[in-house]
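Chain residues, written in single-letter form:
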Amino acid sequence: MIVQIPAQIYKSEARGVFKSEKYNCFATFNFDQYQDLSRLPFGSLQILNEEILAPQHCISRVIKANTNVIILPLFGGIEYKNNLGDAEFLRVEQIKVIAVEEEITVEIFNPYENENVSFLTIHFEIDTRYFKNYFQKSEINFTVRNKLIQLFEIDKAIGSIGIFDGRKKGFYTLKNPKNGIFVYVVNGAFEVEDRLLEPKDGLSMKTEMIEWEALSENAVLLVFEVALK
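Everything in this summary refers to the structure shown in the same document. Throughout, a residue's number is its position along its own chain's written sequence, starting from 1. Local features in this predicted model are restricted to residues whose pLDDT is 70 or higher, and side-chain atom pairs enter the listing and the counts only when it is 80 or higher, whereas totals over whole chains, interfaces and linings include all residues. To get the side-chain values, all heavy atoms of the structure are used, and hydrogens and water are removed first.

## Observations concerning the overall build of the protein
Item 1. Put simply, DSSP marks the helices as runs of H or I at least four residues long and the strands as runs of E at least two long, and each gets a number from the N terminus on. Broken down by element type, the protein carries 0 helices and 21 strands.
Item 2. Taken over C-alpha atoms, the radius of gyration comes to 17 Å for the protein, in line with the 17 Å a tight globule of 229 residues would show.
Item 3. Along the longest, intermediate and shortest principal axes, the C-alpha atoms of the protein span 55 × 45 × 35 Å.
Item 4. Taking contacts inside the protein between residues at least 6 apart in sequence as the whole, the part at least 24 apart equals 71%.
Item 5. Accessible surface for the protein amounts to roughly 11,200 Å². Of this, 48% is attributable to carbon and sulfur atoms.
Item 6. The charged-residue count follows a simple rule in which Lys and Arg add positive charge and Asp and Glu add negative charge, with His and chain termini not counted at all. Lysine's charge is taken at NZ, arginine's at CZ, aspartate's at CG and glutamate's at CD. Side chains of the protein carry 25 positive and 32 negative charges; the gap between the two charge centres is 2 Å. Both definitions apply: the radius of gyration is a C-alpha atom measure, and the globule rule equals 2.2 Å times residues to the power 0.38. Here a residue-residue contact requires only that any non-hydrogen atoms of the pair lie within 4.5 Å. Residue burial considers only the protein chains on display, and all accessible areas are found by Shrake-Rupley using a 1.4 Å probe.

## Thoughts on the pairing of strand S3 (residues 23-27)
Item 1. Exposure is judged per residue with a 1.4 Å probe applied to protein chains only, and the accessible area is read against the type maximum: over 50% gives exposed, under 20% gives buried, and values in between give partly exposed. The element S3 is largely enclosed, with a buried count of 5 among its 5 residues.
Item 2. The two faces of S3 match: Tyr23, Cys25 and Ala27 on one face and Asn24 and Phe26 on the other face are all buried.
Item 3. Where strand S2 (residues 16-19) meets S3, 4 bridges bridge the pair, whose relative direction is antiparallel. For Phe18, the partnering residue across the bridge sits in S3 and is Cys25.
Item 4. For two strands to count as paired, DSSP must find a minimum of two bridges between them. If you look at the hairpin formed by S2 and S3, you'll find 3 residues sitting between the two strands.
Item 5. Pairing between S3 and strand S4 (residues 45-53): 5 bridges, direction antiparallel.

## As for the sheet that holds strand S6 (residues 67-75)
Item 1. Spatial ordering of the open sheet is given by S2-S3-S4-S11-S6-S9-S12, a layout of 7 strands whose pairing is antiparallel. Unpaired on one side and paired on the other, S2 and strand S12 (134-139) mark the two borders of the sheet. Mean inter-strand twist for the sheet, computed between neighbouring axes without regard to direction, equals 15°.
Item 2. The pairing of strand S9 (residues 94-100) with S12 spans 6 bridges and is classified as antiparallel. Bridge pairing in S12 links Lys96 to Lys137. In this analysis, axes come from line fits to C-alpha atoms, helices being fitted only over the stretch in contact, and the angle between any two N-to-C directions falls in the range 0 to 180 degrees.

## Overview of the side chain of His123
Item 1. Counting through the fold element by element, His123 comes out in strand S11 (residues 117-125).
Item 2. When residues no more than four places from it in sequence are discounted, the contact partners of His123 are Ser44, Leu45, Gln46, Ile47, Thr67, Asn68 and Val69.

## Considerations on the sheet that holds strand S15 (residues 169-173)
Item 1. Strands sit in the order S15-S20-S17-S18 across an open sheet of 4 strands; the sheet is antiparallel. Unpaired on one side and paired on the other, S15 and strand S18 (195-197) mark the two borders of the sheet. Each neighbouring strand pair of the sheet contributes to a mean axis angle of 25°, computed without reference to strand direction.
Item 2. Both strand S17 (residues 190-192) and strand S20 (residues 209-214) contribute to a ladder of 3 bridges, which runs antiparallel. Looking at S20, one finds that Val192 is bridged to Trp212.

And the structure:
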């Protein structure tokens, strides 16, 4: 008899949606006016938003104190800057990791004339003992296939990404057995612990190891190990 590990699935069609003519945001967890008891943060993972910017459009937002922010371009590239003087261009296959001790203001701009860009913004809580302010841009080696690539290791989370061929399998084992696991499908479809996950679906589990199988070609999976409260 197969015993399923308790889990919560976050279906993409149930995300909070914020739409305007030049900016769309799809929130996996509670965010702004989108509040639902089934969409509470998972441990230190507070925000996971897919955002889409129209050509030549800019958004500005405040990042609250004691927060780690991950910015991961999915399509195209973005110009990033903040009020502390950190500014750069981020493209697909790059990741921005930010840790802020005090509140900062961030601007993200789509520099293209004719195409939308999309990116993920991911927020984690951080221990106030951890700090100083930290800004880093890193490259992602997507020539590696069918295994996880570690993206970051921060105060209360470890993030990895993998691109998988159809029917290839993978697994992740917690580094700290007190933590939990959250997975998010960027592209394609996966079977994760006997559960079907499609594009932009998420799943949280309190288990020491998870296994998955890619159900499509070029399927991309994010895996976060997060501190639980």
